[in-house]
Each structure stands twice: as structure tokens, then as C-alpha cells.
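The primary structure of each chain is shown beneath.
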Amino acid sequence: MTDLTRLDYASIRKGLTSKAFTTKEVVQSYINKMDSTRPLNCYITECADKALKDAAASDDRIQNNEARPLEGLPLAIKDNYCTKGILTTNGSKILSNFIPPYESTITHRLKGAGAIALGKTNLDEFAMGSSTITSYYDPTINPWKKEGSDRDLTPGGSSGGSSASVAARSSLIALGSDTGGSIRQPASFCGVVGLKPTYGLCSRFGIIAFASSLDQAGPITRTVRDSAIVLKQMAGHDPHDFTSVKYPVPDYEAALTGNIKGLKVGIPKEYRMEGLDFEVSEWWEKTSQWLSEAGAEIIDVSLPHTRYALPVYYIVAPAEASSNLARYDGVRYGYRAEGAESIEGIYEMTRTQGFGDEVKRRILLGTYVLSAGKYEDYYLRAQRVRQKVTDDFTEVFKSVDVLLTPTTPTTAFELGENTADPLAMYMQDLFTVATNLAGIPGISVPVTTSREGLPIGMQLIGPRFGEEVILRTADVIERIAGFKLKEEF
Ligand code: GLN
């Protein structure tokens, strides 16, 4: 029998319906892969036993012709989604004992649609980072290596466990969250597809808050079609999330027509910046040629305020984080330091011991920019510039349908690289943060491997609720690129 972990969900769905194999067989193959790829450290918590039980129930449904839209889908869940009764750590010591009494809307919906949870994936602590190195549970390792080298590379972050597991086939689809690039950058580093939807399209209820005005849930998959399939089940209004938008959810899969004739593709000149790897730049050019050959019109455009996006992000995101993280005080839930003699002592010792360096750095930064006297100079000014970054996109989408940019300036770096210098790590977010500031969707799709043998991803950015057009364009790129994951890692 073929290795079932090689199939995308569209094919699994077909095979389950035609009874070529069972959900139990599919799930068992994934559990075997979870075992054999454990050294990559993709998962913080594995749920194999429960997954097998769910698989049996799924097979019963299929027998009774009651299959749901995501029946039998082996799903990995980033460990910042609350899962009822299952440890949810957010990659942090401070939540190392947190078993949520409730379920996030997204996981609730996907499970209800037939997805089977394999486990909870590793991430940078509180989703702050681009490498999974800040996880309290040790870094995840990218299944890819440079040609002829065995040095470990980072899968990117913060959804590094999710993207590495999809690439290494220890999950078929994984959930990520993206505040400044945390779905797209790791997808690009691991040679998989990562989609950050429009802000408000997918509920944030039950996803542990990092920066509430920027956080978005999204899928990481091996194909664009799988992203379209799963997004349909994730999207839609949720009364539990007051920023969730009432928007009729389209059939995203139907948008994959393969036809982009007449599509206007903008190439923003500001993304040709210092630090952009030569090869990534070459493939950017090549991808735009592909689109042109497929009938699209390529147009040079300008987003003049994009260069301020990164500094604005590193004011707004820490500000919101410092306020969101105030609740971790050792009193209500989570880790509590031993031996404190006063209530202040509990707060101080718990937070000192419970948070890692990067989280503390963000809290300090955030508290500073919100403090009296600094608020106007930093936070308010950043909000004004954020509006200008957003206005640039609104303006440019009057004349183009999508934007094409690289996802990241470079391919995956070595584990431990960029860690001594936080600014070098923040540069990872150069091409992704602007879309979070503007609340618009972006997708990363793999196009090739570099001369060193590492995946290169391209990003498509769309207007608000432009998921269909970016998925359609990504699908065309995917068909032309013919990118393949390695047979074995
Ligand atoms: N790398 C960015 C950061 O460290 C983005 C993180 C994210 O999207 N969660 O903040």
C-alpha cells in the first residue's frame, strides 16, 4: 500500500469516500511518522490514543455515509490554541500546567467538521519569535538541511512546530497563528503553504492573545487546494470574538480555476531592499514571469510607507502584548512560584521565573511605549503610521488585484543564528508584518529550492477578504513551479 502520509487532503478525502483505505489507517500512518520524526521536536503534546479512538468513530461515520467536510483529516494544532482537557502551554513555563476548560472556536469547528487532532505543536514562547528557539520546550528542527551538511536549521517561527510537522509529514495540515509573519515565514522555510487570512475572518476566541489587533489564525498545508479546503471550515463569524466579521464565506476551492488571464499583479519596489538574498530576488523575478506567461499583467507599484512597517510593528505588538500578558500573575491560573512572602512577591517571582527573555523584552518595550510621557511619542505615533501603511495598500489595490513579494529575505538559517542580536531576528519579519498592520491576507507558496537545497517561498498579498484571488494565484504558481517536498527527510 502507498504511504498514506504522501497524499494531500484532497486525495485522502477521495480515498476515504471510495473506501480505498480507512481513517484508522491514515491516522496510524501519521502516528508512525510522529514516532519516527520525534527528534525534530515538532510536538509538545501528542494525542495518539485519542486520535485512534476518533479515527474509529470517523470510520463508522463513513460507513454510514455521514462523512463531514474534513472527515479523517489528521490535524496538528499550534500550542497557543486552547484545547479542552489537553495541555496548552503556549511554549511557556508560565502555562506549563495549563489545561484549558474550554475549546477555541477554530479547533471546535475543525473537529466538528471531522478533523482528528494528533497533538499540539511547538512554537516560540507566546508566539514571539521567528525560529522556535524561544520555546520553553526546546527548539523545533527544520526537516530540511543544506545539501551535503548535517547542521540543524530552524523551521522558522513562531509556528515552527506546525510547519515542520506538515513538511516532515507528521501531520497533514497544521494550524498556525500569524501576528507578524508566524504562519508565512515558517511555511516558507519548510517548503509548505502558509495562509494568513484577513483580520476578522477567522475567530480568535480561545487562541492565547499576543497582540490582539494583529493576531490571526490560519492553516499550514502541503498544497494550496488543502488551504482552500480547510479555510472554508475555519472562516465565518463567531459571536465569542467581537472583532470577528460577518462575512459570507465563499467556496474557496471553487476559486482555484487555474485561470489568471488579465489579473493585475503588482510588484512593490520597496521590497527590493538591502538584505534581500540574491537568489530569492532572482526567483521573485522568475515567479512574476510565470504569472505573466499565464496571462497576468505585471505592474510596478509603490508602497511608500512600507519601510516603517517593521518599527511600527515592534511598538504596537509589544504594547498589546504587555497588556495581554498582565494576567499571568501566578494567582488565577498557570505556574506559580514557590516561597513568595507577599502578593507582590508572587507576581514578581512568578513572572521572573515563568517568562523567558524574549517575552520579558517585549513586556519591557511595551510597557515603556505605553508609559505616561512616552505614549504620544511612540504608541500614538506608531498608530498614525500604521494607518499610512494601510492607506498605501488601499491605494495600490485600486489598480492591482494582488501583490507579489518574497516571503522572507533569506532561506532558513542555522539554529542559534540571529539569536544574539534581537534586531537581526526582527528583520525576518520585514516582508510579512505590513499585512498584519493592515489586516489584509497573505499567503506563502514554495517555488523552488535554492542552490544550497533549501526551500524558497513567495508571498501573495490581497485586499481585505481577497482570499479567493490570492489562493487562485498561488494555485497557478504551484502548478507551474512543480515544487516537491523531499521523499524522505
Ligand atoms: N516574528 C514576529 C515576532 O516575533 C511575528 C510573530 C508572530 O507572527 N506570532 O513578533
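This one's a predicted model, so the numbers in the text were calculated from it and none came from an experiment.

Peer 1: Explain unusual backbone geometry to me, using residue names and the numbers behind them.
Peer 2: The amide bond that connects G157 to the next residue, S158, takes the cis arrangement and shows omega of 10 degrees. Phi at N41 takes a positive value of approximately 60 degrees, unusual for a residue other than glycine. Relative to the helices and strands, N41 resides in the loop between α2 (23–36) and β1 (43–46). Of note, A127 is a non-glycine position whose phi angle comes to about 65 degrees, a positive value. Looking at the secondary structure, you find A127 in the loop between β3 (115–121) and α5 (160–167).

Peer 1: I'd like a rundown of the nonpolar core, residues and numbers included.
Peer 2: With 146 residues, the main nonpolar core has L110, F126, F393, L403, L404 and L471 as its most contacted residues. Apart from residues no more than four positions distant in its own chain, F126 is found in contact with N90, S92, I94, L95, I208, F210, L325, Y328, F355 and V359.

Peer 1: Just give me the short version of the packing of aromatic side chains, but keep the residues and values in it.
Peer 2: All chains considered together, the criterion is met by 17 aromatic pairs. Each ring, one from F126 and one from Y328, has its centre 5.1 Å from the other, and the planes form 70 degrees; the classification is edge-to-face. With a gap of 202 residues between them, F126 in the loop between β3 and α5 and Y328 in the loop between α9 (309–324) and α10 (343–354) connect regions that are remote in the sequence. A relative accessible area of 1% places F126 in the buried class.

Peer 1: So what's going on with the side chain of E103? Residues and values would help.
Peer 2: Here E103 lies in the loop between β2 (73–78) and α4 (105–112). Note on E103: relative accessible area 17%, which makes it buried. Looking at E103, its side chain comes within polar contact range of the main-chain nitrogen of K84, at 2.8 Å. In terms of polar contacts, E103 uses its side chain to reach the side chain of K111, at 2.9 Å. The residues touching E103, leaving out its near neighbours within four places in the chain, are C82, T83, K84, H108, K111 and F205.

Peer 1: Outline the layout of surface pockets, supporting the account with residue identities and numerical values.
Peer 2: Taken as a whole, the largest pocket spans an internal volume of roughly 390 Å³. What lines the largest pocket is a set of 16 residues, among which R222, T223, F483, K484 and L485 lie closest to the centre. Secondary-structure elements contributing two or more residues to the lining of the largest pocket are β10 (442–449) and α15 (467–481). A per-class count over the lining of the largest pocket returns five nonpolar, three polar and eight charged.

Peer 1: Which residues make up the pattern of salt bridges, and what are the values?
Peer 2: In total, this model carries 22 salt bridges according to the counting rule given. Between E395 and K398 there is a salt bridge; the shortest N-O distance is 3.0 Å. When its relative accessible area of 48% is taken as the criterion, E395 is described as partly exposed. Note on K398: relative accessible area 64%, which makes it exposed. Notably, a salt bridge pairs D475 with R479, separated by 2.7 Å at the nearest N-O pair. With D475 and R479 both in helix α15, this residue pair falls four residues apart, about one helical turn.

Peer 1: Give me empty space enclosed by the protein: which residues, what numbers.
Peer 2: Here the idea is plain: a probe the size of a water molecule rolls over the atoms and shows the empty space left. This structure, assessed with the given rule, holds three cavities of 30 Å³ or more. What lines the largest cavity is a set of 14 residues, and nearest its centre among them are A127, G129, S182, Y313 and D429. Of the residues that constitute the lining of the largest cavity, the class distribution is five nonpolar, seven polar and two charged.

Peer 1: Hey, could you go over the state of the cysteines for me, with residue numbers and the actual values?
Peer 2: Following the criterion strictly, the structure yields zero disulfides and no others. Unpaired in terms of disulfides, C82 finds its nearest cysteine sulfur in C47, a separation of 14 Å. For C82, a relative accessible area of 2% puts it in the buried group.

Peer 1: Hey, could you go over the packing of α9 against helix α12 (residues 375–396) for me, with residue numbers and the actual values?
Peer 2: Put simply, α9 and α12 touch, their axes get as near as 9 Å, and they point 125 degrees apart. In terms of orientation, α9 lies oblique with respect to α12. The chirality of how α9 crosses α12 is left-handed. Packed against α9, whose contacting residues are A309, V312, I315, V316, A319 and E320, the element α12 presents Y378, Y379, A382, Q383, V385, R386 and V389 at the interface. Classifying every residue of the contact of α9 with α12 by side-chain character gives 10 nonpolar, one polar and two charged.

Peer 1: Tell me about a nonpolar patch on the surface, and please be specific about residues and values.
Peer 2: A cluster of nonpolar side chains, contributed by V331, I343 and Y347, occupies part of the molecular surface with about 240 Å² of accessible area. Along the polypeptide, V331 turns up in the loop between α9 and α10. With a relative accessible area of 38%, V331 lands in the partly exposed category.

Peer 1: Before we move on, could you go through the pairing of strand β6 (residues 216–221) and cite the residues and values that matter?
Peer 2: For β6, a buried count of six out of six residues is recorded, marking the element as mostly surrounded by other parts of the structure. By the alternation rule, side chains of β6 split into Q216, G218 and I220 and A217, P219 and T221, which are all buried. In terms of strand pairing, strand β4 (residues 173–178) meets β6 through five bridges, oriented antiparallel. Bridging across to β6, G176 finds its partner in G218.

Peer 1: Any chance you could break down the sheet that holds β4 for me, citing the residues and the numbers?
Peer 2: An order of β1-β3-β2-β4-β6-β5-β10-β11-β9-β7-β8 is seen for the 11 strands of this open sheet, with the pairing classed as mixed. In this open sheet, the two edge strands, each paired with only one partner strand, are β1 and β8 (297–301). Strand-to-strand twist of the sheet, defined as the mean angle between neighbouring strand axes without regard to direction, takes the value 30 degrees. Of the pairings in the sheet, the one linking β1 to β3 comprises three bridges and is antiparallel in character. For T45, the partnering residue across the bridge sits in β3 and is K120.

Calculation criteria
- Residues numbered from 1 in each chain as written.
- Predicted model: local features only at pLDDT ≥ 70, side-chain atom pairs only at ≥ 80, totals over all residues.
- Heavy atoms only, no water.
- Helix = DSSP H or I, 4+ residues; strand = E, 2+ residues; numbered from the N terminus.
- Core = buried A, V, L, I, M, F, W, Y, C linked by side-chain atoms within 4.5 Å.
- Buried < 20%, exposed > 50% of the residue type's maximum accessible area, 1.4 Å probe, protein only.
- Contact = heavy atoms within 4.5 Å.
- Phe/Tyr/Trp six-rings, centres within 6.5 Å; stacked < 30°, edge-to-face > 60°.
- Polar contact = N/O pair within 3.5 Å; in protein donor to acceptor, adjacent residues only side chain to side chain.
- 1 Å grid on protein atoms, 1.4 Å probe; cavity = no way out; pocket = protein on both sides within 12 Å on 5 of 7 lines; lining within 4 Å.
- Points joined across faces, edges and corners; volume = space filled by probe spheres on them.
- Nonpolar A, V, L, I, M, F, W, Y, C, P; charged D, E, K, R; others polar.
- Salt bridge = Lys/Arg side-chain N within 4 Å of Asp/Glu carboxyl O.
- Disulfide = S-S within 2.5 Å.
- Axes fitted to C-alpha atoms, helices over the stretch in contact; angles between N-to-C directions.
- Parallel < 35°, antiparallel > 145°, perpendicular 65-115°, else oblique.
- Left-handed = near helix turned anticlockwise from the far one by under 90°.
- Patch = residues over 30% accessible without salt bridge, like charges linked within 9 Å, V, L, I, M, F, W, Y side chains within 5 Å.
- Areas by Shrake-Rupley, 256 points an atom, 1.4 Å probe, with all protein chains shown as cover.
- Pairing = 2+ DSSP bridges.

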